[in-house]
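Fold and contact review
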Amino acid sequence: MNKRQIQIFDTTLRDGTQGEGVSFSCDDKLRIARRLDEFGVDYIEGGWPGSNPKDMEFFDRAQRELKLRHARIAAFGSTCRAGLDPADDPQIQLLISANTPVVTIFGKSWDLHVREVLRTSMEENLRMIRESVRYIKSQGREVIYDAEHFFDGYKANPEYALATLQAAILGGADVVVLCDTNGGCLPWEIGQIVDAVRRDLLGHSLDGDEPSNGHQPPAADVVLGIHAHNDSETAVANTLEAVRRGCTHVQGTVNGYGERCGNANLMSVIPNLQLKMGYELVSPEQLAQLTELSRFVSELANLSPDTHQPFVGASAFAHKGGTHVNAVVKHAMSYQHIDPALVGNETRVLVSELSGKDNIAVKRREFGLDGLSREEERQVLRQIKELENAGFAFESAEASVELLLRRTRTDYTPPFELIDYTATVEHRAGRGMFSEATVKVRVGDKIFHEVAEGNGPVNAMNRALRKAIQQLYPRLQHHHLKDYKVRILDSESGTAAKVRVLIDSTDGERSWSTVGASTNIIEASWIALADSVEYFLLTDAERQARQQEGAVTA
Ligand SMILES: CC(=O)SCCNC(=O)CCNC(=O)[C@H](O)C(C)(C)COP(=O)(O)OP(=O)(O)OC[C@H]1O[C@@H](n2cnc3c(N)ncnc32)[C@H](O)[C@@H]1OP(=O)(O)O
Ligand SMILES: CC(=O)C(=O)O
């Protein structure tokens, strides 16, 4: 088989939704199907038509609304019930009525399941597989046969496990998929068993290896696939190993969503196959959509993206250690296994107590700041290390890093300078809890002194600061706090514990984060709040000036 012919079978909408916490509306399923098609997967398994009304609606609307360019939609179900003719099995009839070009059915490979779960005879299970596949083929569908628990079944009873595959092939299956349903296999076990299937069932000669049963079966022209679960954290490795041993159909899900610990993560399987193993599954332009696809699906699943996910996570190419950043600046690939742009991701440099001089230099350039010497950058680096020791964390507060750099410039003029503040918390009869704050700031040679109330001391300080400077900076009305997080850093110190405050802010177009730390929660909050306002005033004024310049030039 030509290397280009590896089939990607996405089951995010079926096995993915079997993952705890994963649920999509029908509209979401349709949106994801469109996106998967654009990305270039070959099959999209949409659900189980006998399972629930939403899956029925999906297949109904998919026929009418989806205009897929490349992918084929598959409906999923099981072989017929024991003792039933597939033509009389209501579940098989629902599968047919879903009217998809492709039908996936799963059947039992493991004798334990036949005995204990189906509670039928070994022969009857073979009939169920053979006749179900044959019946669905007779309805004009491409049939993908998922051999559930194939690897466990093969370990327990290889002859029987192979006989179940043979039954599917006799029924006319187009693809036979070996499933590591319980996810317990290790890559070399997968390799050995895939070899055995190819040699003993499909009659493929493997580098002079003799069939283990002593006779060569007739070569069967069926596509062999792999479906791996991640219970041993080896689903991706198992999938790659299966491909290395001759499987040419690969099942998995976006972000590895799926039952228990999930399925083989296509966000890793695809780039590994394409960039490391030389298969051409999708075009380079499609591969560059991988990161976006991953985030799109996690957004619709309402799950936070896993930032540490290989290839597509925000941290996948984020460099923190100073020596790494120093090397990456000299040669981008010195600490990266691929160019992140190939999968639509990007290199990031983080600033923390583990930084070296180049973390700071890279950030300064990123912020577009000049006029700082190497020694001034080192000064900022020292300051960052000291502040992190005092409880600050700059990794996720880049606006505070930018301010440290700006403040180091000799020509820096702050938009306001704090002189004093007070914040009180009171409980008064008839009024309950309330807070009041006063803020005295200097802007140029003027002093502004304001008082404000709030539902808490930080809220009152925020209001008082705004009252003090809003008249000078009317655009401050666009500045809003989005999130306010407090973390206790040394809880064993009890009420004397150090706290870190992280504030996320926005002006409707941009977002930024600032940090403060202190043993006093009011002080930590003030530092993060004042940084947020200062950052906004500086950068907003610069953006306005650039826009005006642009308008004049135009
Ligand atoms: C490995 C996998 O991921 S397979 C996919 C698993 N996914 C799901 O189960 C999600 C969707 N499932 C559902 O909505 C429901 O389970 C349904 C609608 C399919 C079935 O619901 P119910 O009719 O209430 O049956 P229930 O789920 O309790 O039991 C499954 C039955 O199918 C039988 N069965 C299981 N696998 C097979 C098979 N491959 N072929 C035939 N019958 C099977 C079981 O033995 C059991 O039979 P029993 O009722 O005689 O005990
Ligand atoms: C078919 C399937 O989802 C499994 O065996 O895991």
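Residues numbered from 1 in each chain as written. Chains lettered and ligands numbered in written order. Predicted model: local features only at pLDDT ≥ 70, side-chain atom pairs only at ≥ 80, totals over all residues.

Viewed as axis vectors pointing N to C, helix α15 (residues 374–389) and helix α16 (residues 398–408) meet at an angle of 135°, and their least axial separation amounts to 10 Å. The orientation of α15 relative to α16 falls into the category oblique. Read as a crossing pair, α15 and α16 show a hand that is right-handed. Of the residues in α16, those touching α15 at E376, Q379, V380, Q383 and I384 are L404, L405 and T408. Looking at the contact of α15 with α16, its residues break down into 4 nonpolar, 3 polar and 1 charged. (Axes fitted to C-alpha atoms, helices over the stretch in contact; angles between N-to-C directions. Helix = DSSP H or I, 4+ residues; strand = E, 2+ residues; numbered from the N terminus. Parallel < 35°, antiparallel > 145°, perpendicular 65-115°, else oblique. Left-handed = near helix turned anticlockwise from the far one by under 90°. Contact = placed C-beta atoms within 7 Å. Nonpolar A, V, L, I, M, F, W, Y, C, P; charged D, E, K, R; others polar.)

Ligand 1 sits among 18 residues. The nearest are W48, S51, S78, T79 and G107. Broken down by secondary-structure element, the contributors of at least two residues to the shell around ligand 1 are β4 (102–108) and α4 (111–118). Among the elements that take part in the shell around ligand 1, β4 stands out by supplying 3 residues, more than any other. (Near = placed C-beta within 6 Å.)

This part is about the sheet that holds strand β3 (residues 72–78). Reading around the barrel, the 8 strands line up as β1-β2-β3-β4-β5-β6-β7-β8 and close back on themselves, with parallel pairing between neighbours. The average undirected angle you get between the axes of adjacent strands in this sheet is 25°. Relative to strand β8 (residues 249–252), strand β1 (residues 7–10) runs parallel, the two being bridged by 4 bridges. Paired with I8 across the bridge in β8 is V250. (Pairing = 2+ DSSP bridges.)

Across the 11 residues that make up helix α10 (residues 266–276), a large majority, 8, are buried. Buried within α10 are the following residues: L266, M267, S268, V269, I270, P271, L273 and Q274. Looking at the buried positions of α10, the neighbouring elements they touch are β1, α9 (235–244), β8, α11 (284–287) and α12 (290–301). Trailing α10 by a residue or two, G278 shows a phi angle of about 80°, which is positive. (Buried ≥ 20, exposed ≤ 12 C-beta atoms within 10 Å, placed from the backbone.)

A word on the pairing of strand β7 (residues 223–228). Among the 6 residues of β7, 5 are classified as buried, and the element is accordingly described as predominantly covered. Taken together, the 6 bridges between strand β6 (residues 175–180) and β7 define a ladder with parallel strand orientation. From the neighbouring strand, C179 faces β7, where its bridge partner is H227. The pairing of β7 with β8 spans 3 bridges and is classified as parallel. Bridge pairing in β8 links G225 to H249.

Next up on the list: the site of ligand 2. By nearness alone, every residue bordering ligand 2 is listed as D15, F106, D146, E148, C179, T181, H227 and H229. Residues of the shell around ligand 2, tallied by class, amount to 2 nonpolar, 3 polar and 3 charged.

Below, the discussion takes up the nonpolar core. Grouped together as the largest cluster of nonpolar side chains are 96 residues, with contacts concentrated most on Y145, V176, L178 and V197. Contacts of L178, omitting those with residues within four sequence positions, involve A147, F150, F151, V194, V197, L224, G225 and I226. Residues L381, A517, A528 and F536 belong to the second largest nonpolar core, which totals 46 residues. (Core = buried A, V, L, I, M, F, W, Y, C linked by C-beta atoms within 7 Å.)

Time to look at the sheet that holds strand β15 (residues 499–506). Strands belonging to one sheet form pairs held by backbone hydrogen bonds; the direction of such a pair is parallel or antiparallel. Here we have 3 strands laid out as an open sheet, ordered β14-β15-β16, and antiparallel in their pairing. Of all strands in the sheet, those with a lone pairing partner are β14 (480–488) and β16 (511–518), marking the two edges. Within this sheet the neighbouring strands show an average axis-to-axis angle of 15°, counted without direction. The sheet contact formed by β15 and β16 spans 8 bridges and is antiparallel. Among the inter-strand pairings, S505 is bridged to a residue of β16, identified as W512. Packing against the sheet, helix α18 (residues 521–553) makes contact with β14, β15 and β16, and its axis sits at approximately 150° to β16.

Right, let's talk about the domain arrangement of the chain for a bit. Domain assignment breaks the chain into domain 1 (3–282) and domain 2 (416–472). Computed over C-alpha atoms only, the centres of domain 1 and domain 2 are separated by 64 Å. (Domains from an automatic or database assignment.)

Moving on, we come to the environment of L281. Within the secondary structure, L281 is located in the loop between α10 and α11. Taking the C-alpha atoms as reference points, L281 and I8, 273 residues apart in sequence, are found 7.7 Å from one another. Discounting residues that sit within four places of it in the chain, L281 has contacts with I6, I8, I270, L273 and Q274.

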